[in-house]
Amino acid sequence: MLTGCCLLAMVTASVTTAAPPEKDTRERLERQEAIRNHLEQSYLIGPAAAESFGYTVDWQFPVPSKEVSMVTSHDDRIFVVTVTNDLICLQADNGRRIWSVSVADKLEIVHSITFMPENELVLVLTNSMLVTLDSNTGMTKAAVLGKAHQELQWIANTPGVLSGDHLIYGARNGQLVWQTWKIGFAWKAYQAAGSLRLPPVMSGNIICTTSSDGVVSAFDTDTATQMWNARLLDSIVAKAATSEHAIYVAGIDQHLRAFDIRTGRTLWRVLTESALVDPPTLIGDHVYQQIPGLGLACFDALPVNKLDGDRKWICPDNNGTVVARHGDTLVTWDPSSRVLATVSATQGTPIHSKQYPNIEEIAATSMQDGKLLAVGDDGRLICLDPMR
């Protein structure tokens, strides 16, 4: 039988050993905050930051050399090229490394990686070589009648664009070259300009080039013949955009132009306030162009009977280039200030922005509702998935 003194002692002990509810709550919140802070610091873009842009963290991959020169996505694969020209193949849905292999000498420049799942091949275009790899293992694999290492007759100076049996690229001396990847030689080369540095762009069986001397040209990919060309008032330093109807070109002469892709006829052109150095982005029925000193502008891609173009809105608070659209939200990236931002696609009003000094590049797997890929200066590659 317990005496009154014993009961009092037990109650007193329980009172003195039990922590106040307020202290438990405070400690729990502090632990949760510490976990959140740890997650935000562990990822290049933390979960909370990603959510503020309308994305979730899918996965993160640490590149062994910590220095990335190129990231490109094709179907269910993501390819990473390091500064030492190691090629890393990742599974797009989980970031798992499938294989890694050295593809070129350190002095070479890797211009493009082309994944051909139907042939189980990866084409690697460098300055002087076209290398064919087995897409399952990364080992060199000879094409149908050729060799795994194909020496180029013309030095490559742009990424390659795949068109059937040909990888078409721009050469240093201005030729547009049709390299027959199956048998390892150049089928045809057309002198398109004095020099080609910007990536060719293709729509259907038409490939277009833009040059630093201001020449825009279109070619039939099946016959390797020129369809038309046009010379602008000044040079071009930004990649063009294409649709099945038009090619959109931003020029140093301050004009944004739309040409009929089959005839070269000017569909519309807009004289802006500054030289245009950023590429236009075509998503759906609209073209987005960063105009220095003015902001991000949205134009109707194919306005009816409006030779001066049809500007829908302008966002003076945004200095980036559109990299993707998710729902009604545009995602932009400003590489000079390293600012990631979102803008309303219909109104042009800013939604959210944040500076990321440690991010070097942001790209999307698809312009419409694609995943975002961000590369950090410490070699981290993070994949963000749009929130559904």
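Only a predicted model underlies this, so the values are computations on that prediction, with no experimental measurement involved. (Residues numbered from 1 in each chain as written. Predicted model: local features only at pLDDT ≥ 70, side-chain atom pairs only at ≥ 80, totals over all residues. Heavy atoms only, no water.)

Engineer: Which parts of the structure should I look at to understand a nonpolar patch on the surface?
Structural biologist: Taken together, Val144, Leu145, Ile183, Phe185 and Trp187 make up a surface patch of nonpolar side chains, about 500 Å² in accessible area. Here Leu145 falls in the exposed class, since its relative accessible area comes to 67%. (Patch = residues over 30% accessible without salt bridge, like charges linked within 9 Å, V, L, I, M, F, W, Y side chains within 5 Å. Areas by Shrake-Rupley, 256 points an atom, 1.4 Å probe, with all protein chains shown as cover. Salt bridge = Lys/Arg side-chain N within 4 Å of Asp/Glu carboxyl O. Buried < 20%, exposed > 50% of the residue type's maximum accessible area, 1.4 Å probe, protein only.)

Engineer: Which parts of the structure should I look at to understand the state of the cysteines?
Structural biologist: Disulfides are covalent bonds that connect the sulfur atoms of two cysteines. Counted under the stated rule, the structure contains 0 disulfides. With no disulfide of its own, Cys89 has Cys383 as its nearest cysteine by sulfur position, at a separation of 14 Å. By relative accessible area, Cys89 is classed as buried at 0%. (Disulfide = S-S within 2.5 Å.)

Engineer: What is the right way to read the layout of surface pockets from this model?
Structural biologist: Empty space left among the atoms is revealed by rolling a probe the size of a water molecule over them. When its volume is computed, the largest pocket comes out at roughly 1,900 Å³. Lining the largest pocket we find 43 residues, and of these Thr72, Pro199, Lys239, Ala364 and Met367 sit closest to its centre. For the lining of the largest pocket, the per-class residue count stands at 26 nonpolar, 14 polar and 3 charged. Looking at the second largest pocket, its volume works out to about 160 Å³. Lining the second largest pocket are 14 residues; nearest its centre among them are Asp317, Asn318, Val339, Ala341 and Ser353. Only strand 27 (329-334), strand 28 (339-344) and strand 29 (350-355) provide two or more residues apiece to the lining of the second largest pocket. The dominant element in the lining of the second largest pocket, judged by the number of residues it contributes, is strand 28, at 4 residues. Of the residues assigned to the lining of the second largest pocket, the class counts are 4 nonpolar, 8 polar and 2 charged. (1 Å grid on protein atoms, 1.4 Å probe; cavity = no way out; pocket = protein on both sides within 12 Å on 5 of 7 lines; lining within 4 Å. Points joined across faces, edges and corners; volume = space filled by probe spheres on them. Nonpolar A, V, L, I, M, F, W, Y, C, P; charged D, E, K, R; others polar. Helix = DSSP H or I, 4+ residues; strand = E, 2+ residues; numbered from the N terminus.)

Engineer: How should the sheet that holds strand 11 (residues 166-170) be read in this particular structure?
Structural biologist: Strands belonging to one sheet form pairs held by backbone hydrogen bonds; the direction of such a pair is parallel or antiparallel. Ordered by their spatial adjacency, 4 strands build an open sheet running 10-11-12-13, and the pairing between neighbours is antiparallel. Of all strands in the sheet, those bounded by a partner on one side alone are strand 10 (161-163) and strand 13 (185-191). Between one strand axis and the next, the sheet turns by 25° as a mean value, whatever way the strands run. Pairing analysis gives 6 bridges linking strand 12 (residues 175-180) to strand 13, with the strands arranged antiparallel. Each bridged residue has a counterpart across the sheet, and for Leu176 the counterpart in strand 13 is Tyr190. (Pairing = 2+ DSSP bridges. Axes fitted to C-alpha atoms, helices over the stretch in contact; angles between N-to-C directions.)

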